[in-house]
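Read off the chains here:
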4 protein chains.
Amino acid sequence: MTPESPAARKPGRLFFANPGPTNIPDSVLRAMDRPTTDFMSADFIEVYDRAVAGLKRLLFTTGEVFIYTSSGHGAWEATLQNLFSPGDRILMPEAGYFSRVWGAMARALGLEVEMPEADWRRGPDIGAIAERLAADTAHEIKAVCIVHNETSTGVAVPLPEIRAALDAAGHPALLLADTISSFGSIEFRMADWGIDAVVGGSQKGLMLPAGLAFTAVSEKALAAHAQARLTRFYFDWTRMMARRHRSFTGTVPIAPFYGLLESVRLIETEGIEAVWRRHHRLAEATRRAVSVWSGNQGVAFYCADPARRSDSVTAIRMPEGHDGEAVRRIAYDRFNVSLGAGLDPLGGKVFRIGHMGDLNEAMLLGTLGVVEMALRLARVPHARGGVDAAIEYLGAG
Amino acid sequence: MTPESPAARKPGRLFFANPGPTNIPDSVLRAMDRPTTDFMSADFIEVYDRAVAGLKRLLFTTGEVFIYTSSGHGAWEATLQNLFSPGDRILMPEAGYFSRVWGAMARALGLEVEMPEADWRRGPDIGAIAERLAADTAHEIKAVCIVHNETSTGVAVPLPEIRAALDAAGHPALLLADTISSFGSIEFRMADWGIDAVVGGSQKGLMLPAGLAFTAVSEKALAAHAQARLTRFYFDWTRMMARRHRSFTGTVPIAPFYGLLESVRLIETEGIEAVWRRHHRLAEATRRAVSVWSGNQGVAFYCADPARRSDSVTAIRMPEGHDGEAVRRIAYDRFNVSLGAGLDPLGGKVFRIGHMGDLNEAMLLGTLGVVEMALRLARVPHARGGVDAAIEYLGAG
Amino acid sequence: MTPESPAARKPGRLFFANPGPTNIPDSVLRAMDRPTTDFMSADFIEVYDRAVAGLKRLLFTTGEVFIYTSSGHGAWEATLQNLFSPGDRILMPEAGYFSRVWGAMARALGLEVEMPEADWRRGPDIGAIAERLAADTAHEIKAVCIVHNETSTGVAVPLPEIRAALDAAGHPALLLADTISSFGSIEFRMADWGIDAVVGGSQKGLMLPAGLAFTAVSEKALAAHAQARLTRFYFDWTRMMARRHRSFTGTVPIAPFYGLLESVRLIETEGIEAVWRRHHRLAEATRRAVSVWSGNQGVAFYCADPARRSDSVTAIRMPEGHDGEAVRRIAYDRFNVSLGAGLDPLGGKVFRIGHMGDLNEAMLLGTLGVVEMALRLARVPHARGGVDAAIEYLGAG
Amino acid sequence: MTPESPAARKPGRLFFANPGPTNIPDSVLRAMDRPTTDFMSADFIEVYDRAVAGLKRLLFTTGEVFIYTSSGHGAWEATLQNLFSPGDRILMPEAGYFSRVWGAMARALGLEVEMPEADWRRGPDIGAIAERLAADTAHEIKAVCIVHNETSTGVAVPLPEIRAALDAAGHPALLLADTISSFGSIEFRMADWGIDAVVGGSQKGLMLPAGLAFTAVSEKALAAHAQARLTRFYFDWTRMMARRHRSFTGTVPIAPFYGLLESVRLIETEGIEAVWRRHHRLAEATRRAVSVWSGNQGVAFYCADPARRSDSVTAIRMPEGHDGEAVRRIAYDRFNVSLGAGLDPLGGKVFRIGHMGDLNEAMLLGTLGVVEMALRLARVPHARGGVDAAIEYLGAG
């Protein structure tokens with residue numbers, strides 16, 4: 001009996017084009033592949049401090065960042081527990097699977113949650129948010145919670161416009177942003193954009209395995225924390241601030257910080273703005289392919305607003321009567337390419353191409369080539385030539 | 001600038017004799033050093049199922065095991081949130097740093113916590129627990145919570161005696177055990193011993209990095225869960241049971257399960273009972289050394305009850321006027337051996353030798369040799385010849 | 001100063017489409033990443049024996065295989081030193097860079113080498129070889145030495161036809177084959193095809209790093225060895241046969257055998273014949289692309305004989321006035337894809353695409369996409385649509 | 001069926017105290033665990049050049065270093081082939097297993113070899129060498145070949161005294177030194193000591209896996225090379241000098257150079273002279289233990305000359321009627337410690353403790369503790385307390 005079953009053998013590398021977790025560079029994996037060290041030792045503390053400093057640079061913040069051993073869901077729970085009190089009202093526009101889950105979580109934790117429903121294919125209606133904020137003259141709304149990039153739909157939201165809506169209304173609500181699938185891939189500037197709490201994870205643009213999540217907070221958010229009375233212990237920021245690491249409850253994992261130090265090095269060697277441009281360029285190549293495929297009444301962009309199409313994930317809508325899972329299955333079983341499924345209500349109705357993290361042209365073209373073959377083998381209507389269009393775009397002088 | 005600072009260079013391997021996290025076998029590290037896979041893929045699900053089945057075998061249970069991306073503290077929070085309602089009364093004898101923290105956590109989460117104080121050098125008074133249970137004819141106590149092996153003091157508690165106390169009183173309270181520093185090192189049999197909820201982590205006897213923690217539950221505990229009304233989302237068992245993995249909220253980490261499969265293979269190849277015997281044998285060798293060193297009014301066992309001296313960690317008490325940190329510092333800075341510090345009230349008053357996980361005679365003798373040198377260099381009173389006694393014991397025909 | 005210079009950072013994976021060394025599966029790399037073991041220990045010997053047995057199965061031989069710490073050039077030197085005496089005459093048709101080098105080596109070692117020149121674009125003329133053998137009624141020719149697959153030209157030779165030529169002439173010469181870039185990729189059957197000595201290396205179809213090379217020998221070759229008087233020590237087979245490992249002089253490296261055991265497992269899980277078919281299929285997809293590109297007086301196949309186009313490497317001829325290095329440079333510098341250069345007289349006149357080892361459709365399409373972009377960016381005449389043709393072929397039901 | 005058999009499971013780390021190959025630091029292993037790169041790419045060439053420059057610094061030479069894919073035996077063959085012509089006379093004092101093998105090799109390659117026999121327990125008689133050189137007024141001796149540190153006997157030779165003997169005689173012979181088990185462990189200064197050719201390997205003081213070997217040469221040796229007519233191709237220096245890498249014939253392995261860069265970094269971070277001192281200190285601790293054990297007519301130093309006891313390996317002589325293999329077997333089978341065997345005529349008569357490479361006090365004390373237990377379990381006469389003596393020495397303020 002082997003750790004990996006013989007059935008698992010497919011030749012060549014798995015192309016991981018599932019929108020998160022994402023491709024981990026070999027040098028990050030190697031940096032994490034190391035024996036145990038005392039997390040209180042001076043050696044580790046130096047690595048830890050440098051890694052966390054790098055994380056802050058990438059977030060464009062100088063404030064506190066609380067890091068947890070948890071998934072992104074844990075970071076959301078932490079953020080809500082540490083900022084609010086039972087019965088507090090928050091505005092959390094629902095525009096996809098993940099914003100819906102965060103709303104359910106907030107209710108379970110005892111908050112009053114306003115969830116204006118948005119067209120999932122277009123994302124939150126910022127005008128409506130602005131109106132709601134302007135109408136809330138009593139300032140009952142304690143926070144606006146926005147998913148920067150909805151991984152389930154491939155819709156990205158212009159966060160500065162949310163900030164502008166708050167400012168226009170002179171509304172003191174906190175602005176919370178989920179950057180789980182945007183951070184490290186799509187432009188994000190915490191301080192400049194006036195974000196009070198940023199929820200992020202290790203497993204996407206940071207190119208690390210799943211296992212760490214974090215909240216970066218503004219001074220204003222820290223002040224709100226001091227008043228927050230939701231029950232908490234594991235995720236409690238006050239307790240964390242009393243530790244040397246200013247993060248975590250319990251054992252501090254060491255390997256991810258060696259990995260983070262390396263991923264920060266990789267990102268900063270390339271340049272964070274160059275990383276964003278690369279993501280845009282590869283996303284645009286993907287969109288060129290999808291545009292071609294969408295001929296002949298075939299597959300289509302799920303995101304109906306071209307200006308909001310995400311640079312880290314593209315959701316592709318299946319034509320009526322066709323199942324996205326059939327495409328995924330062929331891509332995975334026959335060609336060793338892992339695409340993203342439609343989540344929950346979108347199950348079977350879309351499939352998703354992740355184009356985030358440690359990605360380049362050859363990796364993307366391989367993925368797009370397999371998608372084109374899988375569409376054909378699954379007899380899904382589409383026009384041929386999508387990969388050609390991507391090559392045309394990427395290979396332009 | 002390198003990931004590791006030049007200052008970190010000490011020749012040879014670090015000996016990690018800090019009682020948890022613990023030594024990770026190379027084959028476990030390599031098994032975890034792998035690219036991203038879809039955690040919903042059939043390939044991964046097969047690995048996952050086999051790893052979890054192995055974990056259950058090692059726990060000697062056939063019930064549910066809920067696994068979290070969290071530290072052991074998270075698993076404690078999960079266990080309390082999922083089993084109790086606000087105001088529920090629990091009995092949690094305080095006998096060391098960790099039981100004290102669990103009590104504080106339970107209070108923070110809204111429980112009524114009875115914490116009879118015990119002599120930290122002896123551990124909980126089981127007679128007193130039996131009396132308290134017998135007196136609780138109204139069955140107000142919903143649970144007895146015991147730390148099987150107090151990592152901070154090196155005191156192990158005979159869990160079957162706690163079970164017997166409950167049975168003798170005919171008391172229906174749940175029995176919760178923290179096995180974080182015993183599981184995989186010291187005999188533990190969940191079903192036979194009638195434990196209702198077992199809190200454990202990845203980073204000790206399982207020989208994995210920190211990052212996963214879990215609760216194994218009995219049928220009775222699951223029934224209690226159905227009535228429990230403490231606020232929860234991230235750690236909610238009901239939501240977990242609805243997932244394919246029957247664990248986790250959010251992204252399921254993949255690497256630890258390849259590691260777990262390998263660590264289960266290593267433990268079962270050796271034999272879990274052989275693993276326990278090995279821990280006993282190496283612990284006994286450590287005790288032989290400490291016994292010698294404790295001559296000349298020198299260092300002493302922190303655990304005053306020889307029958308309760310732990311097979312996974314030994315806490316060594318400093319003579320008056322001597323600081324355990326001085327010993328640790330010499331061991332680490334000069335000899336690259338990482339010992340455990342005294343926690344909180346024991347800071348400086350003890351140092352600890354972890355002898356758990358992937359350990360053998362040569363590793364232990366190297367550690368004991370360095371401890372003996374560090375005692376001498378720190379001018380701590382002790383009798384010479386501790387290592388010799390360990391060799392005498394381990395090398396007996 | 002870091003082990004890797006910052007300048008080395010290109011995002012995403014390097015696509016290694018250089019015809020050897022080749023892509024190493026992660027599981028092979030991890031298997032090799034291990035601490036030192038005594039190469040005489042029973043544990044290692046078991047791994048070694050199983051790995052070598054697997055190597056023999058893949059070679060379709062039951063005879064001796066001598067393994068060296070050396071490159072493929074060393075294995076050639078070993079083979080010549082162990083089979084011949086000063087002044088022996090061998091027939092070694094020159095049809096590419098490597099056959100030319102082997103000829104020079106044989107002369108340097110003191111052999112009489114007949115090197116009938118062949119058209120490099122077509123490979124050895126088997127009819128001429130047959131004639132020469134028939135004419136050699138005195139049997140002065142001690143061996144016919146053939147490169148199965150010329151890595152420099154992408155021309156593969158039908159070895160059974162060489163065997164038939166020897167048989168037809170009733171000629172007792174040994175038949176030596178260089179399978180360095182064919183073994184593990186292209187059908188090869190040592191015993192059935194009557195090959196007396198097979199020279200191979202670790203770094204191509206075996207999907208291991210460079211560092212090991214070997215000669216597999218027939219009984220007839222072993223008999224010849226007994227008479228061979230060329231000077232030798234490091235590569236001496238007689239000395240090797242006296243060792244437990246029946247290979248090597250000096251320290252036996254351990255890591256490659258853990259890697260070999262894993263690569264044998266991977267190949268046999270897929271099935272060696274399935275591996276050959278996969279290579280054929282991916283090579284054919286490459287050829288479809290090249291066929292399209294060769295329109296418009298553009299690039300062309302270097303191998304002029306369609307029946308001899310290699311399934312492991314395709315050499316692409318540049319149009320007059322264009323430099324293959326420009327294509328390679330763009331592919332590497334801009335797109336992180338490593339193509340093969342033209343060797344020696346072919347420098348700049350061809351570039352080569354390796355399609356061997358651990359390769360799948362997505363990897364190949366990524367490579368071909370980049371080649372198409374690089375041709376365009378280098379302004380090399382070609383017709384567009386090569387990748388499309390490859391997709392058309394690979395995605396056919 | 002797994003790559004490693006279940007039988008292989010022994011808990012804890014293997015202590016590798018076999019005198020070469022040696023312990024490889026984890027960071028070196030990780031640096032080598034990487035995908036294939038083009039060995040002609042600028043990225044690799046930069047790493048290569050820096051690694052080779054580091055190697056030269058450690059050798060204290062600025063001359064050429066020729067590197068081979070081979071074991072140390074290959075480097076010896078290379079050195080002889082490139083420096084001499086058939087019939088050349090060399091002086092190669094025989095004082096152990098390895099010098100005996102080099103002599104046999106030189107004869108097999110066609111040289112006239114003078115091998116004055118020395119007492120293996122004392123090493124070459126430098127006075128006799130001086131006399132022989134003085135007597136050779138015709139300068140028929142082309143080279144004096146010395147093993148700096150005989151791995152088989154644990155005897156180290158003062159190379160400067162050999163140099164002095166040549167100088168005293170005004171003899172122009174080349175001075176060749178085998179530093180395979182001394183380089184990186186014991187003081188060695190190529191230029192200062194007037195060594196003309198230095199044979200070394202990767203797998204000992206350089207803390208790399210076996211697989212690379214090298215010869216560093218002086219200007220005088222390069223001049224001799226120009227006249228050398230021994231047959232060669234694979235190891236030919238002239239051909240190597242024509243390559244970009246100035247080393248190797250055939251494929252250049254890439255992984256070892258990433259490893260070498262890291263091992264040079266580790267050595268230079270510690271400081272090469274500090275590395276030598278550490279080896280001396282750990283060797284001295286070993287000798288303290290052996291001195292104690294040698295009481296009671298027990299085991300003894302094989303090296304009879306205290307001044308020549310090696311700082312990288314100690315050979316321990318068994319009392320009459322006792323078999324060193326029994327000690328080794330117990331250490332390995334029962335305690336997972338790998339000791340060195342007696343080679344050839346010394347088989348069973350000695351066992352050896354390697355104390356070279358990436359070693360520290362805890363590792364050595366663990367090894368010595370196991371040796372003491374194994375001596376006892378094998379009922380080999382010895383006095384107890386060896387480890388205690390080592391602790392006494394190493395733990396002195």
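Cut-offs applied
Residues numbered from 1 in each chain as written. Chains lettered and ligands numbered in written order. Predicted model: local features only at pLDDT ≥ 70, side-chain atom pairs only at ≥ 80, totals over all residues. Helix = DSSP H or I, 4+ residues; strand = E, 2+ residues; numbered from the N terminus. Buried ≥ 20, exposed ≤ 12 C-beta atoms within 10 Å, placed from the backbone. Contact = placed C-beta atoms within 7 Å. Pairing = 2+ DSSP bridges. Axes fitted to C-alpha atoms, helices over the stretch in contact; angles between N-to-C directions. Domains from an automatic or database assignment. Nonpolar A, V, L, I, M, F, W, Y, C, P; charged D, E, K, R; others polar. Least-squares fit on C-alpha atoms with pLDDT ≥ 70 in both. UniProt positions renumbered as here; feature names shortened; annotations may be inferred. Parallel < 35°, antiparallel > 145°, perpendicular 65-115°, else oblique. Left-handed = near helix turned anticlockwise from the far one by under 90°.

J.: What should I look at first to understand the overall build of chain A in this one?
T.: A count of helices and strands for chain A gives 13 helices and 14 strands. The buried share of chain A, taken over its 397 residues, is 63%. Within chain A, counting contacts between residues at least 6 apart in sequence, those at least 24 apart form 73% of the total.

J.: When you look at the sheet that holds strand S10 (residues 212-217) of chain D in this model, what are you seeing that I'm missing?
T.: Through backbone hydrogen bonds, the strands of a sheet pair up, either in parallel or in antiparallel fashion. Residues and elements named next belong to chain D. Here we have 7 strands laid out as an open sheet, ordered S2-S10-S9-S8-S5-S3-S4, and mixed in their pairing. With partners counted over all chains shown, the strands left at the sheet margins are strand S2 (65-69) and strand S4 (112-114), one partner each. Going across the sheet, the axis of each strand differs from the next one's by a mean of 20 degrees, ignoring polarity. Alignment of S2 against S10, held across 5 bridges, turns out to be antiparallel. The residue of S10 that forms the bridge with Thr69 is Leu212. Across the sheet, helix H3 (residues 72-83) is in contact with S2, strand S5 (141-147), strand S8 (174-178), strand S9 (197-201) and S10; its angle to S9 comes to roughly 160 degrees.

J.: Whenever I open this one, the domain arrangement of chain A confuses me. Can you help?
T.: Often the size quoted for an interface is simply the accessible area lost on bringing the parts together. Residues and elements named next belong to chain A. Looking at the assigned domains, one finds that chain A contains domain 1 (6-21 + 271-394) and domain 2 (34-268). Averaged C-alpha coordinates put domain 1 and domain 2 at centres separated by 28 Å. Counting from both sides, the interface comprises 27 residues of domain 1 and, opposite them, 27 residues of domain 2. At the level of secondary structure, the elements contributing two or more residues to the side of domain 1 that touches domain 2 comprise helix H10 (272-293) and strand S12 (313-317). Among the elements that make up the side of domain 1 that touches domain 2, the one with the highest residue count is H10 (4 residues). Of the residues that constitute the side of domain 1 that touches domain 2, the class distribution is 13 nonpolar, 7 polar and 7 charged.

J.: Whenever I open this one, the relation of the copies chain D and chain B confuses me. Can you help?
T.: A rotation about some axis, followed by a shift along it, carries one copy of the chain onto the other. With an RMSD of 0.0 Å, the operation that places chain D on chain B is a rotation of 180 degrees combined with a shift of 0.0 Å along the axis. Given the turn and translation reported, the copies of this chain are related as if by a two-fold rotation axis. Taking C-alpha positions as reference, the residue of chain D nearest the rotation axis is Gly366 of chain D, located at 2.1 Å. Most of the interface of chain D is mirrored in chain B: 100% of its interface residues are interface residues there too.

J.: Teacher, can you tell me more about the interface of chain D and chain B here?
T.: In this complex, chain D contributes 35 residues to the contact, which on the side of chain B involves 35 residues. Counting residues per element, the side of chain D that touches chain B draws most heavily on helix H12 (residues 361-377) of chain D, which supplies 12 residues.

J.: Explain the sheet that holds strand S10 (residues 212-217) of chain C here, please?
T.: Residues and elements named next belong to chain C. Strand order in this open sheet of 7 strands is S2-S10-S9-S8-S5-S3-S4, and the pairing throughout is mixed. At either end of the open sheet lies a strand with only one pairing partner, and these are strand S2 (64-69) and strand S4 (112-114). Taking each pair of neighbouring strands and ignoring which way they run, the sheet shows an average axis angle of 20 degrees. Lying on the sheet, helix H7 (residues 219-227) is in contact with S2, strand S8 (174-178), strand S9 (197-201) and S10; it crosses S8 at an angle near 105 degrees.

J.: Explain the relation of the copies chain A and chain B to me, please; I cannot follow it from the model alone.
T.: Expressed as a screw transformation, the operator carrying chain A onto chain B has a rotation angle of 180 degrees and an axial translation of 0.0 Å, and the superposed copies differ by an RMSD of 0.0 Å. Most of the interface of chain A is mirrored in chain B, where 100% of its interface residues again form contacts.

J.: Help me understand the environment of Arg379 of chain D in this model?
T.: All names here are of chain D. Note on placement: Arg379 falls in the loop between H12 and helix H13 (386-394). Judged by C-beta crowding, with 10 C-beta atoms within 10 Å, Arg379 ranks as exposed. Taking the C-alpha atoms as reference points, Arg379 and His322, 57 residues apart in sequence, are found 8.7 Å from one another.

J.: Looking at this model, I keep getting lost on the interface of chain A and chain B. Mind explaining?
T.: The interface is formed by 48 residues belonging to chain A together with 48 residues belonging to chain B. Looking at the side of chain A that touches chain B, the elements with two or more residues in it are helix H1 (26-32), helix H2 (42-59), helix H3 (72-83), helix H4 (97-108) and helix H9 (255-270) of chain A. When the residues that make up the side of chain A that touches chain B are grouped by side-chain class, the tally is 21 nonpolar, 21 polar and 6 charged.

J.: Where do I start with the UniProt feature "modified residue: N6-(pyridoxal phosphate)lysine" (unreviewed entry) in chain A in this structure?
T.: Residue and element names in this part refer to chain A. As annotated in UniProt, the feature "modified residue: N6-(pyridoxal phosphate)lysine" (unreviewed entry) corresponds to Lys204 in the numbering used here. Looking at the element boundaries, Lys204 is found in the loop between strand S9 (197-201) and strand S10 (212-217). Among residues more than four places away in sequence, those in contact with Lys204 are Gly20, Pro21, Thr22, Ile180, Ser181, Gly184, Ser185, Met356 and Gly357.

J.: Looking at this structure, how should I read the UniProt feature "binding site: substrate" (unreviewed entry) in chain A?
T.: All names here are of chain A. Under the local residue numbering, the UniProt record ascribes the feature "binding site: substrate" (unreviewed entry) to Arg352. Assignment of secondary structure puts Arg352 in strand S14 (residues 350-354). The exposure class assigned to Arg352 is buried, which follows from the 27 C-beta atoms found within 10 Å. When sequence neighbours within four positions are dropped, the list of residues in contact with Arg352 reads Pro19, Gly154, Val313, Thr314, Ala315, Ile316, Leu339 and Gly340.

J.: What's the story with the pairing of strand S14 (residues 350-354) of chain B in this structure? I'm lost.
T.: Consecutive side chains along a regular strand alternate between the two faces of the sheet. Residues and elements named next belong to chain B. Most of S14 sits out of view: 5 of its 5 residues are buried. Residues of S14 alternate between two faces, with Val350, Arg352 and Gly354 on one and Phe351 and Ile353 on the opposite face, all of them buried. By the bridge criterion, 5 bridges tie strand S12 (residues 313-317) to S14 in an arrangement that is antiparallel. Directly across from Ile316, in S14, lies its bridge partner Phe351. Bridging between strand S13 (residues 337-341) and S14 involves 2 bridges; their strand directions are antiparallel. Along S14, the bridge assignment pairs Ala341 with Phe351.

J.: What's the story with the packing of helix H13 (residues 386-394) of chain A against helix H12 (residues 361-377) of chain C in this structure? I'm lost.
T.: Packed helix pairs are characterised by how far apart their axes lie and by the angle those axes make with each other. Orientation of H13 of chain A relative to H12 of chain C, taken along the N-to-C sense of each, is 45 degrees, at an axis distance of 10 Å. Between H13 of chain A and H12 of chain C, the angle falls in the class oblique. As H13 of chain A packs across H12 of chain C, the resulting crossing turns out to be right-handed. Residues Val387, Ile391 and Leu394 of chain A of H13 of chain A form the contact with H12 of chain C, whose own contacting residues are Gly369, Glu372 and Met373 of chain C. When grouped by side-chain class, the residues that make up the contact of H13 of chain A with H12 of chain C number 4 nonpolar, 1 polar and 1 charged.

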